[in-house]
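What follows is each chain in one-letter form.
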Amino acid sequence: MRQKRLLTIQDYSCLGRCSLTEALPVISACGIECVGIPTAVLSNHTAGFKSWTYADLTEYLMPTVEHWKDYNNHFDAIYTGYLGTKQIPIILDIIQSLKKPDTIVLVDPAFADDGKMYPGFEKDHVEALKELVQKSDIIVPNLTEACFLLGLPPTKEWTRPEVENMLVRLGNMGPKEVVISGLSFEKGRVGCLVYEKRGGRTLLIETESYRGKYHGTGDLFASALIGARLNGLSLPGAVRIAHDFVHDSIEKTLEDREPDLFYGVEFEKAIPGLVDALFRKRELVG
């Protein structure tokens, strides 16, 4: 059987677990060849560090793909993460040039959290992202990102029926499958709402929550989810595995006597559990 191949397009932060430094090992652990195009290289991530260096690689994005045209490359999935606003039209062209009928396009919006956009993003970024969402098969926004995409107040407390309505509205923008993460409808619980346009059903997948802010967990979630989907799991099955993987990564980080959350969660310790869960589930799929 041909090994599946995935292309992920997002930044590379050399220090601090996020983006490509998480996507590459997690997707590889799922048995998928992971090809990465870095949109920028940073000395470290921008959450918590006082300063950083930044090399913009926008001009190299399309030439990289053009260099592949003489090779018979087939990508089973294209997964986008954190992107600059001016890069989104280029990413759309890349998707159009590489996508085959069976290619899954997963978009992680990665531009906002905790009721506000990340530094450097404005409303034009949301408008550009809407075009990318239209071309996607799966989107995995957190609640704040979902609100911005739909023009809703990002700081409001939302009920489950209201978030379920958001899922349907996001699905109407184009994607067949929508997952909104970072939801807490009950004290001490955190989870995701999953929506599949075919069938129109929604499902809540949750675990106990841990107090605190954990950098890079959205990237871990998206990477494990697409890795599981490419292993033949259903969307709910893939979300269950991804959510448990993030939960386990946080748990193992907090087991450390001196956890350094500055650098993100210690997901490396949770990869054996991810692989075990993934391949046990895959055996059930067939």
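Everything below is about the structure printed above this text.
Please read these numbers as outputs of a predicted model, since none were measured by experiment. For every chain, the first residue of its written sequence is number 1, and the numbers climb from 1 along that sequence. Only residues with pLDDT of 70 or above have their local features reported here, since the model is predicted, and side-chain atom pairs are shown and tallied only from 80 upward, although totals for entire chains, interfaces and linings are computed over all residues. Hydrogens and waters are ignored; side-chain quantities use all the structure's heavy atoms.

When helices and strands are tallied, the protein chain shows nine helices and eleven strands. Computed over its C-alpha atoms, the radius of gyration of the protein chain comes to 18 Å, within 12% of the 19 Å expected for a compact globule of 286 residues. Reported as C-alpha extents along the three principal axes, the dimensions of the protein chain are approximately 55 × 50 × 40 Å. Per-residue accessibility, obtained with a 1.4 Å probe over protein chains only, is compared with the maximum for each type, and a residue is labelled buried under 20%, exposed over 50%, and partly exposed between these values. Relative to its 286 residues, the protein chain shows a buried fraction of 50%. Using a 1.4 Å probe, the Shrake-Rupley method yields the accessible areas, and only the shown protein chains count as cover for residues. About 13,700 Å² of surface is accessible on the protein chain, with carbon and sulfur atoms providing 52% of the total. Here the protein chain contributes 32 positive and 39 negative side-chain charges, whose respective centroids are spaced 4 Å apart. Secondary structure elements follow DSSP: runs of H or I no shorter than four residues count as helices, runs of E no shorter than two count as strands, and numbering proceeds from the N terminus. Computation of the radius of gyration draws on C-alpha atoms alone. For the globule rule, the value is 2.2 Å times the number of residues to the power 0.38. The charge count treats Lys and Arg as positive and Asp and Glu as negative. His and the chain ends do not count. Taken as the charge location is NZ of Lys, CZ of Arg, CG of Asp or CD of Glu.

Right, let's get into the pairing of strand β11 (residues 201–208). Here strand β10 (residues 189–196) pairs with β11 via eight bridges, running antiparallel. Paired with Cys192 across the two strands is Ile205, which belongs to β11. Two strands form a pair only when DSSP identifies at least two bridges running between them. Where β10 folds back onto β11 in an antiparallel hairpin, the turn is made up of four residues, including Gly199, whose phi is positive at roughly 100 degrees.

Further remarks concern helix α6 (residues 160–172). Note: α-helices contain 3.6 residues per turn, so residues at a spacing of three or four share the same orientation. The terminal C-alpha atoms of α6 lie 19 Å apart, and with 13 residues this matches the ideal 18 Å at 1.5 Å per residue to within 8%. Among the structural elements, β8 (138–139), α5 (143–150), β9 (177–183), β10 and β11 are those in contact with the buried residues of α6. Given a helix with a known number of residues, its expected span is that number minus one, times 1.5 Å. Any two residues whose heavy atoms approach within 4.5 Å at even a single point are treated as in contact.

Turning our eyes to something else, we now look at the pairing of strand β5 (residues 104–107). Here β5 shows two buried faces, one formed by Ile104 and Leu106 and the other by Val105 and Val107. The pairing of strand β4 (residues 77–80) with β5 spans four bridges and is classified as parallel. When the sheet's bridge partners are listed, Ile78 is paired in β5 with Val105. Here, the term right-handed applies to a crossover whose path from the first strand over the helix to the second runs clockwise when the strands point away from the viewer. Remark: the β4/helix α3 (residues 88–98)/β5 crossover connection has right-handed handedness.

Right, let's talk about the packing of aromatic side chains for a bit. Centre distance and the angle of the planes are the two values used to describe a pair of aromatic rings. For Phe, Tyr and Trp, where Trp contributes only its six-membered ring, two rings pair if their centres lie within 6.5 Å, and the inter-plane angle classes them as stacked under 30 degrees, edge-to-face over 60, or tilted in between. Applying the stated criterion to the full structure yields three aromatic pairs. Between Trp68 and Phe75 the ring centres are 5.7 Å apart and the planes differ by 40 degrees, which places this aromatic pair in the tilted class. With a centroid separation of 5.4 Å and an interplanar angle of 55 degrees, the aromatic rings of Tyr82 and Phe121 are classed as tilted. Here Phe121 lies in the loop between β7 (116–117) and α4 (123–134) and Tyr82 lies in the loop between β4 and α3, a separation of 39 residues in the sequence. Residue Tyr82 is classed as partly exposed on the basis of its relative accessible area, which comes to 30%. Relative accessible area serves as the criterion here: at 9%, Phe121 is assigned to the buried category. The aromatic ring of Trp158 is capped on one face by Lys156, whose charged end is 4.1 Å from the ring centroid. A ring has a charge above it when a Lys NZ or an Arg CZ is no more than 6 Å from the ring centre and no more than 35 degrees off the ring normal.

Relative to the helices and strands, Glu177 is located in strand β9. On the accessibility criterion, Glu177 (12% relative accessible area) is buried. Two N or O atoms form a polar contact when they lie within 3.5 Å of each other; inside protein one atom must be a possible hydrogen donor and the other a possible acceptor, and for residues adjacent in sequence the pair counts only when both atoms belong to side chains. Only 2.8 Å separates the side chain of Glu177 from the side chain of Arg229, close enough to count as a polar contact. Once you skip the residues sitting within four places of it in the chain, Glu177 turns out to touch Asp137, Ile138, Ile139, Tyr195, Glu196, Arg229 and Leu235.

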